[in-house]
Amino acid sequence: MLFMISILFSIIGCKENRVPKGLSGDLIIFHAGSLSVPFKEIAAAFNKEYPAVNILLEPAGSVASARKITDLGRPCDILASSDYRVIDDMLIPKYAGWNIRFASNEMVIAYTPKSKYLETIDSINWCRILLQNDVLYGRADPDQDPCGYRTVMTLMLAEKYYGSADMVKNFINKDVNYIRPKEVDLLPLLETNSVDYIFIYRSVAEQHKLKYLRLPDEINLENPALAELYSGVSVDIVGDTPDTRKTIKGEPMVYSMTILNNAPNNEAAMAFTTFLLNPDKGMAIMIRNGQPSVIPSTATGYDQLPASLKKYATK
């Protein structure tokens, strides 16, 4: 009798561990640079359940990632952006039908034990310190990466908050040689002491064990209750074509993702998306890496969402 029970459990276990038919091949994921650390962990955990799927992670600035699809025609299954508006504005409806928001973040100023004035910098005097001639700071490119235009928005909000005239202009004109395509490209500058400070997402600072200065909620673009305040600033970035410009208004930070309409491996993309949004799987990894969940949250194209994903979103 015990022998038969053992065989029965073995059969059940095999069924539970069986890889679904067709769930194999390459899975191409373009994603924001700030998702690099959690997505590597999520991909590794996903592969334990689906070992036949070859996950190809390609980090870049979110705007640059979208342009790989719209301008270069690159094949892609999933795009995960650090700003939900990138997918809304650049991919829907031609390249994707829906957009789920899944995580948040905040702007901070990261530094190292060798950064100048680290003993005295605080949430009040950081503007004055970073503008000193003997201090260098780095930031991401607003035309390629949401962290770039969010840095400019943070400076605009700070100018209002501290009542400091010409602060934004002074920052924009300073240290232009240390602008990089995406936020994670700033890390080598800091690690080699090429700069003293960088504007970066809190999650990236925590994932790389960096010291960082938190900014007031009125500045850091994290607090949903201050959405109206954030909307009072805006940044012009490159438009849908290189010779046009468009305006991005300030908003609380929200990450989002979609599966492309012509995803080469739609079945694997659906399985990965479900794994990512599961609070006990992918989202537990996101939270552990400093990116809090916003699930369920408003989804663009809710009616076009696959039925299995609707529990992770609202209209």
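All values derive from a computational prediction rather than experimental measurement.

(A) Local environment of the overall build of the chain. Counting its regular elements, the chain contains 13 helices and 14 strands. Expressed as a percentage of the 315 residues in the chain, the buried residues total 52%. The contacts in the chain between residues at least 6 apart in sequence include a share of 74% that link residues at least 24 apart. Of the roughly 14200 Å² that the chain leaves accessible, carbon and sulfur atoms contribute 54%. Taking the average place of the 33 positive charges on the side chains of the chain and the average place of its 36 negative ones, the gap between the two points comes to 4 Å.

(B) Structural view of the side chain of D88. Along the polypeptide, D88 turns up in helix α4 (residues 84-90). For D88, the contacting residues outside a window of four places in its chain are N99 and T300.

(C) The arrangement of the sheet that holds strand β9 (residues 211-214) in detail. Strand order in the open sheet formed by 5 strands is β7-β6-β8-β5-β9, with mixed pairing between adjacent strands. Only two strands of the sheet have a single neighbouring strand rather than two, namely β7 (179-180) and β9. Two elements, strand β6 (residues 137-140) and strand β8 (residues 197-201), share 2 bridges in a ladder whose sense is parallel. The residue bridging Y137 from the neighbouring strand is Y197, located in β8. Relative to the sheet, helix α6 (residues 146-162) contacts β5 (107-111), β6 and β8, its axis offset from that of β8 by approximately 110°.

(D) The pairing of strand β2 (residues 53-60), seen in detail. Sheet topology note: the strand β1 (residues 25-32)/β2 ladder contains 8 bridges and is parallel. Paired with L27 across the two strands is I55, which belongs to β2. A crossover connection joins β1 to the parallel β2 through helix α2 (residues 36-49); in handedness this β-α-β unit is right-handed.

(E) Quick look at the packing of aromatic side chains. Under the definition given, this model contains 14 aromatic pairs. Consider the rings of F46 and F275, whose centres lie 5.7 Å apart with planes at 85°: the pair is edge-to-face. With F46 in helix α2 and F275 in helix α12 (residues 266-277), this residue pair connects regions lying 229 residues apart in the sequence. With a relative accessible area of 0%, F46 lands in the buried category. Look at Y137 and F199: their rings are 5.7 Å apart centre to centre, the planes differ by 80°, and that puts the pair in the edge-to-face class. Highlighted residues: Y137 in strand β6 and F199 in strand β8, separated in sequence by 62 residues. Exposure remark for F199: the relative accessible area of 0% places this residue in the buried category. What links up through ring pairs into an aromatic cluster is the set W126, Y137, Y161, Y162, F171 and F199.

Conventions we followed
Residues numbered from 1 in each chain as written. Predicted model: local features only at pLDDT ≥ 70, side-chain atom pairs only at ≥ 80, totals over all residues. Heavy atoms only, no water. Helix = DSSP H or I, 4+ residues; strand = E, 2+ residues; numbered from the N terminus. Buried < 20%, exposed > 50% of the residue type's maximum accessible area, 1.4 Å probe, protein only. Contact = heavy atoms within 4.5 Å. Areas by Shrake-Rupley, 256 points an atom, 1.4 Å probe, with all protein chains shown as cover. Lys, Arg positive; Asp, Glu negative; His and termini not counted. Charge placed at Lys NZ, Arg CZ, Asp CG, Glu CD. Pairing = 2+ DSSP bridges. Axes fitted to C-alpha atoms, helices over the stretch in contact; angles between N-to-C directions. Right-handed = clockwise from strand over helix to strand, strands pointing away. Phe/Tyr/Trp six-rings, centres within 6.5 Å; stacked < 30°, edge-to-face > 60°.

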